[in-house]
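# Remarks on the overall topology
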Amino acid sequence: MNRFADGALVLLAIAAAFWLGSLQGRALGGADQQLAAEQRERDVSAQHAAALRAADTRLRRVEADLRTSSSTATDALKRALHDEKTQHDRLVAELRAGAVRLSVPIVATGGAACIADAARSAGTAGGDRNETRAELAPAAAEDLAAIATDGNAAIVQLNACIDRYNEVRQRLNALREEMARAQAQ
């Protein structure tokens, strides 16, 4: 039985060596797999960091462009409002000096002379020189000019606001599309 026991011990030793080698191989292979997984994770993190840096750079560029554009638009608005005020001030000065007079068409409502004037102007066209008109007092003309100037200034401001909104919207939409294309790659 010695031979049998020796053979069994040899087989047992071979099986144990095989099993220990298998464990060591798994441990080394597992470590290699772990290292590979960690490297893939570092690569993905580096790609994400690069993509974030690129997106941040694009966003900063768009912000700088919008700041510059906003400054230019603000300057243009200030010039337009200043021009509107200058034009109004010139009109007021001319009204006060009597160089410009404002009048409105009127409809005569009483008296024989008024009836004759109304009959004379009833068949006239809108720009006819024979139309019955009343001249406004300089103070009333100034008030009317101020209303028109305020309306024009409000229109200029609203148009500038609409233009700025449309520009910002267009640039942000373009940035969003650019970022979507970058993510798709």
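Here is a short report on the structure shown in this document. (Residues numbered from 1 in each chain as written. Predicted model: local features only at pLDDT ≥ 70, side-chain atom pairs only at ≥ 80, totals over all residues. Heavy atoms only, no water.)

## Quick word on the overall build of the protein
Scanning the protein from N- to C-terminus turns up three helices and two strands. In the protein, which comprises 185 residues, the proportion classed as buried is 10%. Counting only contacts in the protein whose residues sit at least 6 apart along the sequence, the fraction spanning at least 24 positions is 80%. Accessible surface, the protein as shown: approximately 14200 Å² in total, 60% of it carbon and sulfur. (Helix = DSSP H or I, 4+ residues; strand = E, 2+ residues; numbered from the N terminus. Buried < 20%, exposed > 50% of the residue type's maximum accessible area, 1.4 Å probe, protein only. Contact = heavy atoms within 4.5 Å. Areas by Shrake-Rupley, 256 points an atom, 1.4 Å probe, with all protein chains shown as cover.)

## A closer look at the side chain of Glu 84
Take Glu 84: it is sitting in helix H1 (residues 2–97). No salt bridge is formed by the buried Glu 84; the nearest opposite charge belongs to Arg 90, separated by 10 Å. There is a polar contact of 3.2 Å between the side chain of Glu 84 and the side chain of Asn 152. (Lys, Arg positive; Asp, Glu negative; His and termini not counted. Salt bridge = Lys/Arg side-chain N within 4 Å of Asp/Glu carboxyl O. Polar contact = N/O pair within 3.5 Å; in protein donor to acceptor, adjacent residues only side chain to side chain.)

## Things to note about the pattern of salt bridges
Per the counting criterion, the structure on display carries ten salt bridges. Ionic pairing is found between Glu 142 and Arg 96, a salt bridge with its closest N-O pair at 2.8 Å. Taken together, the residues span a long stretch of sequence, with Glu 142 in helix H3 (residues 138–184) and Arg 96 in helix H1 at a distance of 46 residues. Since its relative accessible area comes to 17%, Glu 142 is described here as buried. Of the residues examined, Arg 96 reaches a relative accessible area of 61% and is grouped as exposed. Each of Asp 56, Arg 60, Glu 63 and Arg 67 takes part in one network of salt bridges that share partners.

## A word on a nonpolar patch on the surface
On the surface, a cluster of nonpolar side chains totalling about 300 Å² of accessible area is made up of Val 10, Leu 11 and Ile 14. Position of Val 10 relative to the elements: it lies in helix H1. (Patch = residues over 30% accessible without salt bridge, like charges linked within 9 Å, V, L, I, M, F, W, Y side chains within 5 Å.)

## Let's talk about the environment of Glu 63
By the secondary structure assignment, Glu 63 is in helix H1. Given a relative accessible area of 27%, Glu 63 falls into the partly exposed group. Sequence-wise, Glu 63 and Leu 172 are 109 residues apart; in three dimensions their C-alpha atoms are separated by 9.6 Å.

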